[in-house]
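So you can see what is in the structure, the chains are spelled out below.
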Amino acid sequence: MARTKQYNETEVVEKAMHLFWKNGYETTSMQMLEKEMGINKFSIYSSFGNKHGLFLESLKLYRSNVSQVLDKLKKGTQGVEDIKQFFYDSVSSSFKSDNIKGCFVTNTYNEFSEKEDECIQKQMNSFMDSLKSIIIQKLKLDTSKNEETIAKQANYLLLAKHGLAAASRVNTKEEIEDYIEMVFKNL
């Protein structure tokens with residue numbers, strides 16, 4: 001007879017997500033996960049298959065949490081100003097807490113860039129393709145830009161977003177704000 005879970009799956013995934021976000025996938029051990037999540041290894045394996053499965057669930061939860069910020073960007077009508085606000089919104093949590101810095105997706109993208117992990121690559125590519133598509137939509141609101149300029153600016157902004165995520169792990173609020181202002185001054 002199967003035992004009923006004595007924990008809320010979403011809550012334990014959120015705890016795992018924060019641990020992976022802070023330490024990365026490789027550095028986060030099963031013992032760390034057990035301690036942080038407050039459940040034993042058997043429960044982790046039973047619910048998520050393994051550490052990798054738990055990590056994928058953590059990425060899904062992060063994307064779900066970030067969807068509010070992306071929805072705000074999608075719904076905006078100010079073009080480049082919407083993208084700039086998205087940059088600010090995406091690092092605003094770093095200004096409130098020293099506990100977590102950067103973007104979980106960018107951190108994961110960097111950690112897995114040279115690994116052949118199809119599931120992780122699929123998640124990363126999906127997120128980046130979606131973000132790039134939204135950026136392109138916003139840039140197209142300026143009818144004076146041609147397709148080539150829009151494509152180049154979208155690539156520039158996507159790379160700037162990666163840089164922003166990495167910088168927000170170590171730089172001050174003032175340095176981050178200066179960076180964002182300069183990115184958009186150069187458009």
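What counts as what
- Residues numbered from 1 in each chain as written.
- Predicted model: local features only at pLDDT ≥ 70, side-chain atom pairs only at ≥ 80, totals over all residues.
- Heavy atoms only, no water.
- Helix = DSSP H or I, 4+ residues; strand = E, 2+ residues; numbered from the N terminus.
- Contact = heavy atoms within 4.5 Å.
- Salt bridge = Lys/Arg side-chain N within 4 Å of Asp/Glu carboxyl O.
- Buried < 20%, exposed > 50% of the residue type's maximum accessible area, 1.4 Å probe, protein only.

Participant: Help me get a handle on the side chain of Thr28, residues and values and all.
Facilitator: With respect to the helices and strands, the residue Thr28 is situated in the loop between helix H1 (9-23) and helix H2 (30-37). The contacts of Thr28, once residues within four sequence positions are left out, are Leu19, Phe20, Asn23, Leu33 and Lys51.

Participant: Lay out the pattern of salt bridges with the relevant residues and their values.
Facilitator: What the rule picks out here adds up to 7 salt bridges. Between Lys74 and Asp71 there is a salt bridge, and its shortest N-O distance comes to 3.9 Å. With Lys74 and Asp71 both in helix H4 (residues 51-75), this residue pair falls 3 residues apart, about one helical turn. Judged by relative accessible area, which is 43%, Lys74 ranks as partly exposed. Between Glu148 and Lys152 there is a salt bridge; the shortest N-O distance is 3.3 Å. With a gap of 4 residues between them, Glu148 and Lys152 both fall in helix H8 (residues 147-167), about one helical turn apart. There is no split in this pair, since Glu148 and Lys152 are both exposed.

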